[in-house]
Amino acid sequence: MALAHPTQRLLIQYLEPSPAVDSLEPSEARDHLAHAFDRLPVTDLALGWRLRPALIEAVRSVVPSGVTVWRWVPVFVDSGEARAVDGLVAVGPGGQTPPPFRDMADFRFLCLDHEEVVEAGLERSIALAHEIEADGVLLDRIRWHSPSQDPSAELTCFCEQSRRAATKDGLDLTRVGQPVMAMAATSDGRRTLASALLGAAPDERLSEFLDWRSATVTRAVGRLAEGLRAAGLRAALDVFTPALTRSVGQDLSALGPLGEWSKSMTYFEALGPAAMPFELAGYARWLQAAAEPDAAGFLADALGFAPPGVGARGVQLDALDHETTALAEAIGRERSIVGVDAVEIPGICEVDQDDLDARIRSLRAAGVGSSPCWELLLISEQRTECIARAWAAQA
């Protein structure tokens, strides 16, 4: 296995819970991972959060010495593991719970103003890390629900616990929630809310709330990192791409020091949560519903680059450079890993190999870490070979 540049990590995430993983033979899991280790200079491996003992044993058997093993844990979500979550789910300004993506428990976000949510997340992270004898935990879904599909209804959280917590900090959530819902009535209102969520044009009524909810995330993640260190474990963070972090309460400058590194989900092709085409298409549809004449142009102005999935296609290296620079400036180049989509899922994520090659080369040249995302099982051995060539070509 070739060694990576000392300041450039190569992260692999493997075995996210799915029906395919449930039926995967341990020998298949082992061999697919062994091939990746043989071809790629992997520095970090993050393993999924619901694995059979036989799978754990099989994949651990081929991890080379020197590779840091992380347990990949989605923290502030229901997780579907029979936890008591009644009354803990985050709610929008109208008191309704935002629908999770495809009704999946792993995308039903809980309210971070409940101390028990944070403590349960810490306890679960430690237990899952110990289950595979991991070096640390890759903390995923350390955020609020993304409101991109219906911003005025799905911005969270406005539950009673959040209202009490905000009041202690001098913030009246009623005076925030009512204007947010009213913004949906006009095109100008929708522009104002979308601009604020994308960090483009702060609105005084919203900025205090958005700062406050970001501080809530930072405190919660700080507690996780502190608890993990006390348990002898390291912490790393999975975050949105910088252009979208404001919308989910992730202040990268504040979060960065809490983890050994942070991986941004800078996805250009995928049609799912966190990926730019999915998130930005949601904003575009919402704007167009109020007769916005040029949603793509509006989003481009807000982002500083053409919005992926909303008109923009192709390799989009300008957007990648924009997001890479923003991440490195927020948390430091040596702590930065940029995740780019590499999985092959017909109708969900179809990445042109030449585009992926160019993106990997760009990240190598930028001096940041890389992660071909987001699930090695869905990356063919042929594509792994191509990624290896792109990585080596820019050494």
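Before any of the text, the structure's been laid out above.
Now for a look at the structure at hand.

### Examining the side chain of Ser-207
- For Ser-207, the position within the fold is in helix H9 (residues 204–230).
- In this structure Ser-207 comes out as buried when scored by relative accessible area, which is 16%.
- Apart from the residues within four sequence positions on either side, Ser-207 is in contact with Pro-202 and Arg-246.

### Focus: the side chain of Ser-262
- On the secondary structure map, Ser-262 appears in strand E6 (residues 262–265).
- Under the relative-accessibility criterion, Ser-262 is labelled buried at 2%.
- Here Ser-262 is in contact with Leu-237, Val-239, Gly-256, Leu-327, Ile-331, Arg-335, Ser-336 and Ile-337, once residues within four sequence places are set aside.

### Some thoughts on the environment of Pro-372
- Assignment of secondary structure puts Pro-372 in strand E8 (residues 369–373).
- Residues Pro-372 and Ile-360, 12 residues apart in the sequence, show an inter-C-alpha distance of 8.3 Å.
- Ignoring any residue separated from it by four or fewer positions in sequence, one finds Pro-372 in contact with Leu-10, Leu-11, Ile-12, Val-340, Ala-342, Ile-379 and Ile-387.

### Topic: the packing of aromatic side chains
- Under the criterion given, the structure shown has 7 aromatic pairs.
- Aromatic pair Phe-101 and Phe-107: ring centres 5.8 Å apart, planes at 80°, arrangement edge-to-face.
- Here Arg-141 stacks its cationic end above the ring of Phe-107, 4.1 Å away from the centre of that ring.

### Details of the sheet that holds E6
- Read from one edge to the other, the open sheet built from 8 strands follows the order E1-E2-E3-E4-E5-E6-E7-E8, with strand pairing classed as parallel. The sheet terminates laterally at strand E1 (11–14) and E8, the two strands that pair on one side only. Strand-to-strand twist of the sheet, defined as the mean angle between neighbouring strand axes without regard to direction, takes the value 25°.
- With 4 bridges connecting them, strand E5 (residues 234–240) and E6 associate as parallel partners. Across the sheet, Leu-237 pairs through a bridge with Ser-262, a residue of E6.

### Focus: the pattern of salt bridges
- Counted according to the given criterion, the structure contains 20 salt bridges.
- Residue Glu-269 pairs with Arg-359 through a salt bridge whose shortest N-O separation is 2.9 Å. Remark: Arg-359 occurs in helix H15 (residues 353–366) and Glu-269 occurs in the loop between E6 and helix H12 (276–288); sequence separation between them is 90 residues. Accessibility assignment for this pair places Glu-269 and Arg-359 in one class, buried.
- Three or more residues joined by partner-sharing salt bridges are found here, namely Arg-9, Asp-44, Arg-234 and Glu-260.

What counts as what
- Residues numbered from 1 in each chain as written.
- Predicted model: local features only at pLDDT ≥ 70, side-chain atom pairs only at ≥ 80, totals over all residues.
- Heavy atoms only, no water.
- Helix = DSSP H or I, 4+ residues; strand = E, 2+ residues; numbered from the N terminus.
- Buried < 20%, exposed > 50% of the residue type's maximum accessible area, 1.4 Å probe, protein only.
- Contact = heavy atoms within 4.5 Å.
- Phe/Tyr/Trp six-rings, centres within 6.5 Å; stacked < 30°, edge-to-face > 60°.
- Lys NZ or Arg CZ within 6 Å of the ring centre and 35° of its normal.
- Pairing = 2+ DSSP bridges.
- Axes fitted to C-alpha atoms, helices over the stretch in contact; angles between N-to-C directions.
- Salt bridge = Lys/Arg side-chain N within 4 Å of Asp/Glu carboxyl O.

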